[in-house]
Amino acid sequence: MTSPRSILLLGSTGTIGVNTLDVVQRHPDRFSVHGLVAAKNTQRLFQQALDHRPKVLVICDENALNHWQQQGLTDQLSAQLGYRPQVGGQGILEELCASPDVDTVVAAIVGAAGLRPTLAALKAGKRVLLANKESLVLAGRFMIQAAQASGAILLPVDSEHNAIFQCLPADFDVRKASSYGIERLVLTASGGPFRSKSLEDIQRVTPAQAVAHPNWVMGPKISVDSATMANKGLELIEALWMFGLPPSQLSVLIHPQSIVHSLVEYKDGSMLAQLGCPDMRTPIAHVLGLPDRIASGSARLNLAKIAKLDFEEPDLRRFPMLGLAFDVLNKADSAAPVFNAANEVSVERFLKGMIQYPDIVRITERCLERFGVANIQNLDDALNLDAEVRLHAHSLIYSSVV
């Protein structure tokens, strides 16, 4: 019997983190939790620490750690675990990701904050389970190069990319993507809560309506991205880097039931699909257990009860963010960081009631126009561009020019 895989979970209190720990605890003989990293949800992190007894516990938000200390929670954990949680900046996270005590890193920190730790894990040759879209969107070329140089294993957690991964040949190599007879990759999308709303009604959408996803339980930011289909745009960019196929071979199909999670069409006319209930534990269990199939806790799919599966082409008038993303695909190296940063700022401000729903696409369009084709030669260039775009997006919001 092999020793359990040692897991470092970046973003343990989010949706991916919670579901990962749910799968992990079902297989104590296969996995051990080396470290948990979170930001502000200290109540959930405290319980996770007691349940999974990690060897390392990191809180990225210093105010949250101070709150723990005021409540005496650090003393309680010290008595239980034998150490105190630490405040973690980027340097500490990168060091943790490269630690010889860790063999699997689950990268589930939302946004650009997860980029450097994920890259550190890839450079260290780790097995990286990627749930952070922004890492590939911001720095896809550098991520893939790092994995290839170190021999790291990069595995997709997102349900769409995981579905594609499951439908590809077992020996698939991104460096030889054109040699497998693939016609196209088809990312499916539920269409979110506004698939059938009138274009007029969409102009008046509220944050509460935007986060009410019909199929998936997700955080507020990704729920809004699903409503605008910016998430599908980010996934297209992610697929471009992860699977090495040109933009012309990437497509999106609306599938409201969220049962077919994505498809691969081959040149002989075959189309392979991965089906399952909309439960993130399924793709998480797949990449955690590889090469074995392990129990996820997900409900079983009853096709007879579902009875039918619907598909339709996306309406780019209803989902203009997806249209922008298709344009970005052709210049992903330079424009993808702009698309991502502008969208992140816009969604954050929309959720706070500072801008209207249609302003999300307006701000993103203006940022893409402003920054055009950027010259990105290294990771610092990508991060500097990200920072510049965020400042510009904020200036657009505060000057009320949207």
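These lines cover the structure that appears in this document, whether it is placed above or below.

This paragraph deals with the overall build of the protein chain. Each helix and strand in the protein chain was counted, giving 18 helices and 11 strands. In terms of C-alpha radius of gyration, the protein chain reaches 21 Å, essentially the compact-globule figure of 21 Å for 402 residues. Viewed in the frame of its principal axes, the protein chain has a C-alpha envelope of about 60 × 55 × 45 Å. Relative to its 402 residues, the protein chain shows a buried fraction of 56%. Relative to all contacts within the protein chain whose residues are 6 or more apart in sequence, the contacts with residues 24 or more apart total 70%. The averaged location of the 40 negative side-chain charges in the protein chain is 3 Å from the averaged location of its 37 positive side-chain charges.

Right, let's talk about the pairing of strand S3 (residues 56-59) for a bit. Of the two faces of S3, the one lined by Val 56 and Val 58 and the one lined by Leu 57 and Ile 59 are each fully buried. Two strands pair when backbone bridges link them, and strand S2 (residues 31-38) and S3 are joined in this way by 4 bridges, in the parallel orientation. Residue pairing in the sheet places Gly 35 in a bridge with Val 56 of S3. For the handedness criterion, the β-α-β arrangement of S2, helix H2 (residues 42-52) and S3 is classed as right-handed. Strand direction decides the pairing type here: S3 and strand S4 (residues 86-87), joined by 2 bridges, are parallel. Bridging from a neighbouring strand, Ile 59 pairs with Val 87 of S4.

On to the packing of aromatic side chains. Applying the stated rule across the entire model yields 5 aromatic pairs. Here Phe 46 and Trp 68 contribute two aromatic rings whose centre-to-centre distance is 5.8 Å and whose plane-to-plane angle is 85°, an arrangement assigned as edge-to-face. With Phe 46 in helix H2 and Trp 68 in helix H3 (residues 62-71), the pair connects residues that are 22 residues apart, well separated along the chain. Across this residue pair, the class does not change: Phe 46 and Trp 68 are buried. Ring centres of Phe 350 and Tyr 357 lie 5.6 Å apart, and the angle between their planes is 65°; on these two criteria the pair is classed as edge-to-face. The pair formed by Phe 350 and Tyr 357 is uniform in burial state, with each residue classed as buried. Taken together, the aromatic side chains of Phe 172, Tyr 180 and Phe 243 make up a single cluster linked through ring pairs. Over the ring of Phe 371 we find Arg 370, and its NZ or CZ is 4.8 Å from the ring centre.

Running from amino to carboxyl end, helix H16 (residues 332-351) crosses helix H18 (residues 379-398) at an angle of 40°, the nearest separation of the two axes being 9 Å. With respect to their mutual orientation, H16 and H18 come out oblique. As for how H16 packs across H18, the hand of that crossing is right-handed. Seen from H16, the contacting residues are Ser 334, Pro 337, Val 338, Asn 340, Ala 341, Ala 342, Glu 344, Val 345, Glu 348 and Arg 349; seen from H18, they are Leu 385, Asp 386, Val 389, Arg 390, Ala 393, His 394, Ile 397 and Tyr 398.

The subject of this paragraph is the packing of helix H8 (residues 159-167) against helix H13 (residues 281-289). Interhelical geometry of H8 versus H13 gives an angle of 50° and a closest axis separation of 9 Å. As summarised for this structure, H8 and H13 are arranged oblique, according to the angle between their axes. Of the two possible hands of crossing, H8 and H13 adopt the one that is left-handed. In this structure, H8 contributes Ser 159, Asn 162, Phe 165 and Gln 166 to the contact, and H13 contributes Pro 283, His 286 and Val 287. When its residues are assigned to classes, the contact of H8 with H13 shows 3 nonpolar, 4 polar and no charged.

All right, on to the sheet that holds strand S11 (residues 271-275) then. Pairing is mixed across the open sheet formed by 4 strands, whose spatial order is S9-S8-S10-S11. Every interior strand has two partners, whereas the edge strands, strand S9 (250-254) and S11, have only one. Each adjacent strand pair in this sheet contributes to an overall mean axis angle of 20°, direction not counted. Here strand S10 (residues 260-266) runs beside S11; their pairing, made up of 5 bridges, is antiparallel. Residue pairing in the sheet places Ser 262 in a bridge with Gln 274 of S11. Where H8 meets the sheet, it contacts strand S8 (182-189), S10 and S11, and its direction lies at approximately 40° from that of S10.

One open sheet holds the 7 strands; their spatial order is S4-S3-S2-S1-S5-S6-S7, and the pairing between them is parallel. Single-partner strands in this sheet number two, and they are S4 and strand S7 (153-156). For strand S1 (residues 5-10) and strand S5 (residues 104-107), the ladder comprises 4 bridges, and the chain directions are parallel. The partner of Ile 7 across the bridge, within S5, is Thr 104.

Tracing the chain through its elements places Ser 159 in helix H8. Polar side-chain contacts of Ser 159 include one of 3.2 Å to the side chain of Glu 160.

In this section: the side chain of His 34. Secondary-structure assignment places His 34 in strand S2. A relative accessible area of 7% places His 34 in the buried class.

Thresholds, definitions, all that
Residues numbered from 1 in each chain as written. Predicted model: local features only at pLDDT ≥ 70, side-chain atom pairs only at ≥ 80, totals over all residues. Heavy atoms only, no water. Helix = DSSP H or I, 4+ residues; strand = E, 2+ residues; numbered from the N terminus. Rg over C-alpha atoms; globule rule 2.2 N^0.38 Å. Buried < 20%, exposed > 50% of the residue type's maximum accessible area, 1.4 Å probe, protein only. Contact = heavy atoms within 4.5 Å. Lys, Arg positive; Asp, Glu negative; His and termini not counted. Charge placed at Lys NZ, Arg CZ, Asp CG, Glu CD. Pairing = 2+ DSSP bridges. Right-handed = clockwise from strand over helix to strand, strands pointing away. Phe/Tyr/Trp six-rings, centres within 6.5 Å; stacked < 30°, edge-to-face > 60°. Lys NZ or Arg CZ within 6 Å of the ring centre and 35° of its normal. Axes fitted to C-alpha atoms, helices over the stretch in contact; angles between N-to-C directions. Parallel < 35°, antiparallel > 145°, perpendicular 65-115°, else oblique. Left-handed = near helix turned anticlockwise from the far one by under 90°. Nonpolar A, V, L, I, M, F, W, Y, C, P; charged D, E, K, R; others polar. Polar contact = N/O pair within 3.5 Å; in protein donor to acceptor, adjacent residues only side chain to side chain.

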